[in-house]
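Structural overview for review
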Amino acid sequence: MPNDTSRRTALKTGFAAALIAALPATGAVALTEARAKALVDQVVGDINRVIASGKPLSSMIRDFETIFRKYADVNIIARSTLGADSRRASAAQMRAYTDAFRGYVARKYGKRFNEFAGGKIEVKGVREVKSWHEVTSTVYLRGEAPFEVRFLVSDRSGKDLFFDMVIEGISLRLSERTEIGSMLDRRKGNIDALIADLKTAG
């Protein structure tokens, strides 16, 4: 039985991943507090619509994978989670890894989405940071203490996409890099074996 701290961490991580998957593409340069709030409200609305759809869990996970493919900077996130090993991967391996990683994220966090019904976010502000925009918000889940989440949005890939989320100072992208690194270590650095693992993990 997980302790309360472990459950809270899992809830925060899963909720953040759900928000990543549902973030719509909008103009980062034009972001204002009002626009950012509307953006996050749309994220929560999209998640709740899928949760309330009554579909089987497998169908919900496919829906979230489609959203993740459309609105998240999957290429950047996937390459970042592979870390330095991405430099020795072939182009074909990176394509296969990115596809497998997208499905892994959808399965891993999609299984937890029912726990997030009734959650809400209050946007506190927006600021420009180097070449991206950071949206600071507070997330509320039923029965849990509120926590801060910072959304990072960039147009690095030619359109405005979400590339990371920082939950109480912890980067979701970097957390997944640690998890992926452990999986790769168990396969003695074999990227093809890691890809095979990701196709069923989550």
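Structural notes, computed from the coordinates. Every value quoted in this text rests on a predicted model; they were computed, and no experiment measured them. (Residues numbered from 1 in each chain as written. Predicted model: local features only at pLDDT ≥ 70, side-chain atom pairs only at ≥ 80, totals over all residues. Heavy atoms only, no water.)

Looking now at the overall build of the protein chain. Along the protein chain, the regular secondary structure elements total seven helices and five strands. When the helices and strands of the protein chain are listed from N to C terminus, the series reads α-α-α-α-α-β-β-β-β-β-α-α. Expressed as a percentage of its 202 residues, the buried residues of the protein chain come to 50%. Looking at the protein chain alone, contacts between residues at least 24 apart form 57% of all its contacts between residues at least 6 apart. By element, 50% of the accessible surface of the protein chain is carried by carbon and sulfur atoms, the whole surface being about 10,100 Å². (Helix = DSSP H or I, 4+ residues; strand = E, 2+ residues; numbered from the N terminus. Buried < 20%, exposed > 50% of the residue type's maximum accessible area, 1.4 Å probe, protein only. Contact = heavy atoms within 4.5 Å. Areas by Shrake-Rupley, 256 points an atom, 1.4 Å probe, with all protein chains shown as cover.)

Summed over all chains, the structure comprises two aromatic pairs. Between Tyr97 and Phe101, the aromatic rings sit 6.0 Å apart at their centres with planes inclined by 25°, giving stacked as the arrangement. Of this pair, Tyr97 and Phe101 both sit in helix H5 (residues 91–110), four residues apart, which is roughly one turn of the helix. Taken as a pair, Tyr97 and Phe101 share a single burial class, namely buried. Plain terms: the ring middles of Phe101 and Tyr104 are 6.1 Å apart, the flat faces sit at 45° to each other, and that makes the pair tilted. Residue Phe101 and its partner Tyr104 are both found in helix H5; the two are separated by three residues, about one turn of the helix. (Phe/Tyr/Trp six-rings, centres within 6.5 Å; stacked < 30°, edge-to-face > 60°.)

Let's shift gears to unusual backbone geometry. In the Ramachandran plot, Glu168 falls in the positive-phi region, its phi being about 50° despite a non-glycine side chain. One non-glycine residue, Lys188, lies in positive phi territory at about 55°. Assignment of secondary structure puts Lys188 in the loop between helix H6 (172–186) and helix H7 (191–198).

The five strands lie next to each other as E1-E2-E3-E4-E5, forming an open sheet whose pairing is antiparallel. Each edge of the sheet is formed by a strand with only one pairing partner; in this case those strands are strand E1 (120–129) and strand E5 (170–171). In this sheet, strand E2 (residues 132–140) lies alongside E1 in antiparallel orientation, the contact comprising nine bridges. Paired with Val126 across the strands is Val135, a residue of E2. (Pairing = 2+ DSSP bridges.)

Next up on the list: the pairing of E2. Of all nine residues making up E2, seven are buried, and the element is well covered by its neighbours. Pairing of E2 with strand E3 (residues 147–154), which is carried by seven bridges, proceeds in the antiparallel orientation. Within E3, the residue paired with Thr138 across the bridge is Glu148. Count of turn residues in the E2/E3 antiparallel hairpin: six residues, of which Gly143 carries a positive phi of about 80°.

Here the focus is the packing of H5 against H7. Between H5 and H7, the least distance of the axes is 8 Å, while the angle of their chain directions is 30°. Comparing their axes, H7 and H5 come out roughly parallel. Viewed along their axes, H5 and H7 form a crossing whose handedness is left-handed. Packed against H5, whose contacting residues are Gln93, Ala96, Tyr97, Ala100, Phe101, Tyr104 and Arg107, the element H7 presents Ile191, Asp192, Leu194, Ile195 and Leu198 at the interface. A class-by-class count of the residues in the contact of H5 with H7 yields nine nonpolar, one polar and two charged. (Axes fitted to C-alpha atoms, helices over the stretch in contact; angles between N-to-C directions. Parallel < 35°, antiparallel > 145°, perpendicular 65-115°, else oblique. Left-handed = near helix turned anticlockwise from the far one by under 90°. Nonpolar A, V, L, I, M, F, W, Y, C, P; charged D, E, K, R; others polar.)

Glancing now at the side chain of Arg102. For Arg102, the location among the structural elements is in helix H5. What makes Arg102 buried here is its relative accessible area of 6%. Here Arg102 is in contact with Glu65, Phe68, Arg69 and Val74, once residues within four sequence places are set aside.

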